[in-house]
Amino acid sequence: MTESGAHPRHDLDQLIHTPVRLSIMAALAAADNVEFRFLRDTIEVSDSLLSKHMLTLEEAGYVKVEKAFISKKPGTWLSLTPRGREAFREYVSVLEKIMKGSPHA
Amino acid sequence: MNAGDDQGAGTHTGSDTDMSAGEALAQIGRVRRSVGRSAAAMGWLYLVWGVAALLYWPAMFFASSPIPRIAGIAWLAMTALSFVYAYSLGVYGHSRLHSRVALVWVAVMVGVALFGYYVMPERPSGWWVAAGLAAAVAAAVPVLYAAWRLRPWDGAR
């Protein structure tokens, strides 16, 4: 129970708390910049699904998308914004609170 | 998993996605390890550059023509290949370490080059050989340190 009497699950950021967006945020939190294709292969989703979720996170101000050309090859590099990094840190902290409150944790 | 399930009652997040806190944390851990392994792969590049520096400077200081020229061309080729390799990894992490190591390494390399150009005699012998080898080791230390910090050989961490 939190001080307000609500279960900590109510504090979970529902924008992050879906399997694909959680994986995206975790991947970006573990590095400074991640290339789109690397992220797609790492979290095992299709281009279109990743694009759709990236757009949601970008609109929320959690993710920054940058286009870069190396040796004339286009690449899309993704990174967490300070707001996104803070949101993910808070999200993990809530998960840990939930686990601590569990008799099975 | 239902909220009322005995096994998941404490960690269920009440979300439409039906993902428990434990499952979410486990997924975060999996992704983090996978990305961390790829980011640490830059360590192999540092290791190769460390070994290359140990070979390059003795070749420049002590070898006769055409070996210094070949070493110079190989160095340029390695620089180009390094950019390709770093880009192909698709992940860039440890930026603070990279920038610091790059700064120190460039400074040391310039210092060693100036030493070779202005201080080292044309045909070094005796203590000059030891000094040349010491300069080569000094040039390798920053990148070998970076390789050791990243420890790509450790695999999943």
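Residues numbered from 1 in each chain as written. Chains lettered and ligands numbered in written order. Predicted model: local features only at pLDDT ≥ 70, side-chain atom pairs only at ≥ 80, totals over all residues.

Draft legend 1. Geometry of the overall build of chain B. Helices and strands together make up the secondary structure of chain B, namely five helices and one strand. What you see in chain B, going N to C, is helices and strands ordered as α-α-α-β-α-α. Summarising the internal contacts of chain B: among those between residues at least 6 apart in sequence, 73% fall at separations of at least 24. (Helix = DSSP H or I, 4+ residues; strand = E, 2+ residues; numbered from the N terminus. Contact = placed C-beta atoms within 7 Å.)

Draft legend 2. Seen up close, the packing of helix α1 (residues 19–29) of chain A against helix α3 (residues 47–59) of chain A. Residues and elements named next belong to chain A. Running from amino to carboxyl end, α1 crosses α3 at an angle of 75 degrees, the nearest separation of the two axes being 10 Å. Regarding the angle of α1 to α3, the classification is roughly perpendicular. Contacts between α1 and α3 involve Val20, Arg21 and Ile24 from the former and Leu49, His53, Met54, Thr56 and Leu57 from the latter. Classifying every residue of the contact of α1 with α3 by side-chain character gives five nonpolar, two polar and one charged. (Axes fitted to C-alpha atoms, helices over the stretch in contact; angles between N-to-C directions. Parallel < 35°, antiparallel > 145°, perpendicular 65-115°, else oblique. Nonpolar A, V, L, I, M, F, W, Y, C, P; charged D, E, K, R; others polar.)

Draft legend 3. Expanded view of helix α5 (residues 127–150) of chain B. All names here are of chain B. Here α5 contains 24 residues, and its C-alpha end-to-end distance of 35 Å stays within 8% of the 34 Å for a straight helix at 1.5 Å per residue. All of the buried residues along α5 are Gly132, Ala135, Ala136, Ala139, Ala140, Pro142, Val143, Ala146, Ala147 and Leu150. Looking at the buried residues of α5, the elements they touch are α1 (21–40), α2 (42–62) and α4 (95–119). Backbone geometry just after α5 places arginine 151 at a positive phi near 45 degrees. (Expected span 1.5 Å × (residues − 1). Buried ≥ 20, exposed ≤ 12 C-beta atoms within 10 Å, placed from the backbone.)

Draft legend 4. Quick look at α1 of chain A. Burial analysis of α1 of chain A places nine of its eleven residues in the buried class, the great majority of the element. Within the sequence span of α1 of chain A, burial applies to Arg21, Leu22, Ser23, Ile24, Met25, Ala26, Ala27, Leu28 and Ala29 of chain A.

Draft legend 5. Main features of unusual backbone geometry. Residue and element names in this part refer to chain B. With an omega of 10 degrees, the peptide bond running from serine 65 to proline 66 counts as cis. Within the secondary structure, proline 66 sits in the loop between α2 and α3 (67–89). Non-glycine residue histidine 94 carries a positive phi angle of around 55 degrees. Since 19 C-beta atoms lie within 10 Å of it, histidine 94 is described here as partly exposed. Phi is positive for arginine 151, close to 45 degrees, though the residue is something other than glycine. The residue arginine 151 is located in the segment after α5 in this model.

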